[in-house]
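Tertiary structure, described
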Amino acid sequence: GAGAYWNIQRSMRLEAAKKKDGGGDGEDGESAGVAVQTMGVAGQAALGGAWRLMDHNAKYVTDKDFLGQWQLFYFGFTYCPDICPNELIRMQAILDGLDKDAATKEKVLPLFVTIDPRRDGPAQLKSYLADWHPRLLGLTGKQEECDAAAKAFRVYFSKTQLGPDPMDYLIDHSVMFYLVDPKGGFVDYYAPNATTEQITERIVKAIKSFKP
């Protein structure tokens, strides 16, 4: 729909802005999915940070529990009719591509963070993600915890009520993958206009050039 188109167009503008020397600010923080800001490195976005969420096995974890491994984040929700399934197909293709290279095989942990914890409890996430990549870990929590994680990555989302039932709604949201290194530092993000082959290539390059 129009919201998804707007998300893709915004992502394309952010990708273009990111490539410019010195980076620069993104769109207004009230409405943008990702505000591109500099952190002393030209073009590097100020994303990520500390978070606390519950995994799909009903165990609370924090960003510190994942230190020592690469993480590929995606923010979405299990009741998403089309965008999220499409992006999970893309994520699976990226992971399959990474696993073909001995230097990157099984080095990236995929994380699906829900922006809809009201409907996406641990059991719902576990059941939904069972149909996708076997390493994919779902993360949920209290609304404020999921909101804080989304805010850390500048994820835009907006709920649209579809009918009188309070549980009948859709969520328009940013469409992006985020790569975090073993030190917990944000490395890169990948918009819908990047092919899975291009994303895989960029992740391989990041892993091979990483200095522990």
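Our structure's up above, just so we're on the same page.
Here's a quick rundown of the structure. A quick note: this is a predicted structure, and the numbers were derived from the prediction, not measured.

The next point concerns the pattern of salt bridges. Applying the stated rule across the entire model yields 6 salt bridges. Here Asp101 and Lys208 are joined by a salt bridge, their closest N and O atoms 3.3 Å apart. With Asp101 in the loop between helix H2 (83-98) and strand E4 (108-114) and Lys208 in helix H5 (residues 196-209), the pair connects residues that are 107 residues apart, well separated along the chain. When its relative accessible area of 53% is taken as the criterion, Lys208 is described as exposed. The partner of Arg119 in a salt bridge is Asp116, and the shortest N-O contact between them spans 2.6 Å. Comparing Arg119 with Asp116 shows no difference in burial state: the two are buried.

Among the residues of helix H3 (residues 122-129), Leu125, Tyr128 and Leu129 are the ones counted as buried. On an axial view of H3, the arc spanned by its buried residues comes to 90°, and they lie on one face. Looking at the packing, one finds that the buried side of H3 touches H2, E4 and strand E5 (137-140).

By the burial criterion, the buried members of helix H4 (residues 143-152) are Glu145, Cys146, Ala149, Ala150 and Ala152. Buried positions in H4, seen along its axis, are confined to an arc of 160° and lie on one side of it. Set apart from the buried face of H4 by more than 90 degrees, the exposed residues are Glu144 and Lys151. Phi turns positive, to about 55°, at Arg154, one or two residues after H4.

With 54 residues, the main nonpolar core has Leu72, Phe73, Phe75, Tyr178 and Ile203 as its most contacted residues. In terms of residue count, the dominant contributor to this core is H2 (6 residues).

Looking now at the side chain of Asp63. The topology assignment puts Asp63 in the loop between strand E2 (60-62) and strand E3 (70-76). A polar side-chain atom of Asp63 sits 3.0 Å from the main-chain amide nitrogen of Trp51. In contact with Asp63, not counting residues within four places along its chain, are Gly49, Ala50 and Trp51.

Taken together, the 7 strands give an open sheet; going across it, the order is E2-E1-E5-E4-E3-E8-E9, and neighbouring strands pair in mixed fashion. Pairing within the sheet leaves two strands with one partner each, and these edge strands are E2 and strand E9 (186-190). Within this sheet the neighbouring strands show an average axis-to-axis angle of 35°, counted without direction. The sheet strands contacting H5 are E3, E4, strand E8 (177-180) and E9, and the helix crosses E9 at an angle near 170°.

How each quantity is defined
Residues numbered from 1 in each chain as written. Predicted model: local features only at pLDDT ≥ 70, side-chain atom pairs only at ≥ 80, totals over all residues. Heavy atoms only, no water. Salt bridge = Lys/Arg side-chain N within 4 Å of Asp/Glu carboxyl O. Helix = DSSP H or I, 4+ residues; strand = E, 2+ residues; numbered from the N terminus. Buried < 20%, exposed > 50% of the residue type's maximum accessible area, 1.4 Å probe, protein only. Arc of directions from axis to C-beta. Contact = heavy atoms within 4.5 Å. Core = buried A, V, L, I, M, F, W, Y, C linked by side-chain atoms within 4.5 Å. Polar contact = N/O pair within 3.5 Å; in protein donor to acceptor, adjacent residues only side chain to side chain. Pairing = 2+ DSSP bridges. Axes fitted to C-alpha atoms, helices over the stretch in contact; angles between N-to-C directions.

Nothing here speaks to function; it is all geometry.
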